[in-house]
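# Per-entry structural report
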Amino acid sequence: MKTFDDIDMRILRELQQDAGVSLETLGERVGLSRNACWRRVRALEDSGAVKGRVALLDPTAVGLSLMVFMQIRTQSHDPDWQQRFNRAVQAIPGILSVYRMTGDLDYLIRARVSDMAGYDDLYQQLIHHVPIADVSASFVMEEIKDSTALPI
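Read on for an overview of the structure.

Reading guide: rules and limits
- Residues numbered from 1 in each chain as written.
- Predicted model: local features only at pLDDT ≥ 70, side-chain atom pairs only at ≥ 80, totals over all residues.
- Heavy atoms only, no water.
- Helix = DSSP H or I, 4+ residues; strand = E, 2+ residues; numbered from the N terminus.
- Rg over C-alpha atoms; globule rule 2.2 N^0.38 Å.
- Buried < 20%, exposed > 50% of the residue type's maximum accessible area, 1.4 Å probe, protein only.
- Contact = heavy atoms within 4.5 Å.
- Areas by Shrake-Rupley, 256 points an atom, 1.4 Å probe, with all protein chains shown as cover.
- Lys, Arg positive; Asp, Glu negative; His and termini not counted.
- Charge placed at Lys NZ, Arg CZ, Asp CG, Glu CD.
- Pairing = 2+ DSSP bridges.
- Axes fitted to C-alpha atoms, helices over the stretch in contact; angles between N-to-C directions.
- Expected span 1.5 Å × (residues − 1).
- Arc of directions from axis to C-beta.
- Polar contact = N/O pair within 3.5 Å; in protein donor to acceptor, adjacent residues only side chain to side chain.
- Core = buried A, V, L, I, M, F, W, Y, C linked by side-chain atoms within 4.5 Å.

### Some points on the overall build of the chain
When helices and strands are counted, the chain shows five helices and four strands. Along its sequence from the N terminus, the chain presents helices and strands in the succession α-α-α-β-α-β-β-α-β. A compact globule built from 152 residues would reach a C-alpha radius of gyration of about 15 Å, whereas the chain, at 20 Å, exceeds it by more than 25%. By its C-alpha atoms, the chain is 55 × 35 × 25 Å across when sized along the principal axes. Taking all 152 residues of the chain together, 29% fall into the buried category. If you take every contact in the chain between residues at least 6 apart in sequence, the share linking residues at least 24 apart comes to 64%. Counting only carbon and sulfur atoms, one obtains 50% of the accessible surface of the chain, whose full area is about 10,200 Å². Within the chain, one finds 17 positive and 21 negative side-chain charges whose respective centroids are separated by 8 Å.

Dropping the structure here:
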């Protein structure tokens, strides 16, 4: 793990809030010249601390208003099943996040779909690729907090 100084941390916090901020503005906010700021940002990208820069879209505006959490239980834990499952979830565009869990639950999936028919389509795609013992879904009624910013 790389150690970051105070300026690096300020740059990282600023980029989490607005990755599209100009280098001039970013430099002003952290107390660096444009070129010095550019070098720091490049170093943060090269180190892997900054994985990428993206635009955050409004899901409703792009027709994906329904968020679903799918709880997956499997009867198979062999490497072949895991590889097939990993390939399947990577290939399905509506699946945003997948976590392997401890306890009774094997996997937790966070997905965005247009509606219940969109969820059914996603579900059918998943079970077509890999056998699953049990799938339970919870649909988000209200999004109270959703952040991509890490608490640094």
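### With respect to the sheet that holds strand β3 (residues 107-113)
The antiparallel open sheet is built from four strands, whose spatial order is β2-β3-β1-β4. Edge positions in the open sheet fall to β2 (95-100) and β4 (134-139), since each of these has one partner strand only. Here the strands of the sheet are splayed against their neighbours by 20° on average, with no regard to which way each runs. Two strands pair when backbone bridges link them, and β2 and β3 are joined in this way by five bridges, in the antiparallel orientation.

### Structural notes on the pairing of β3
Most of β3 is tucked away: six of the seven residues are buried. Sheet analysis places strand β1 (residues 66-73) next to β3, joined by seven bridges and oriented antiparallel. Bridge pairing in β3 places M70 opposite I109. From the end of β2 to the start of β3, which pair antiparallel, there are six residues, and G103 there has a positive phi angle of about 85°.

### With respect to helix α5 (residues 116-129)
Each α-helix winds once per 3.6 residues, and so residues spaced three or four apart point in a common direction. If you check α5, its first and last C-alpha atoms are 20 Å apart, about what 14 residues at 1.5 Å a residue would give, namely 20 Å. Taken together, the buried positions of α5 are occupied by G118, Y119, L122 and L126. Across the axial projection of α5, the buried residues extend over an arc of 100°, all falling on one side. Residues of α5 that are exposed and angled more than 90 degrees away from the buried face: A117 and H128. At the N-terminal boundary of α5, the capping side chain belongs to D115, with an oxygen 3.2 Å from the backbone nitrogen of A117.

### What about the nonpolar core?
The nonpolar side chains of soluble globular proteins are, as a tendency, buried together. Judged by nonpolar contacts, the single largest core of 19 residues is most densely connected at M70, I72, F85, I109, L122 and L126. Those elements giving two or more residues to this core turn out to be β1, α4 (79-91), β3 and α5. Here M70 is in contact with Y107, L108, I109, Y119, L122, L126, V135, S136 and A137, once residues within four sequence places are set aside. Core analysis: the next-biggest nonpolar cluster, separate from the first, contains 12 residues, I11, L23, L26 and V50 among them.

By themselves these figures say nothing about function.
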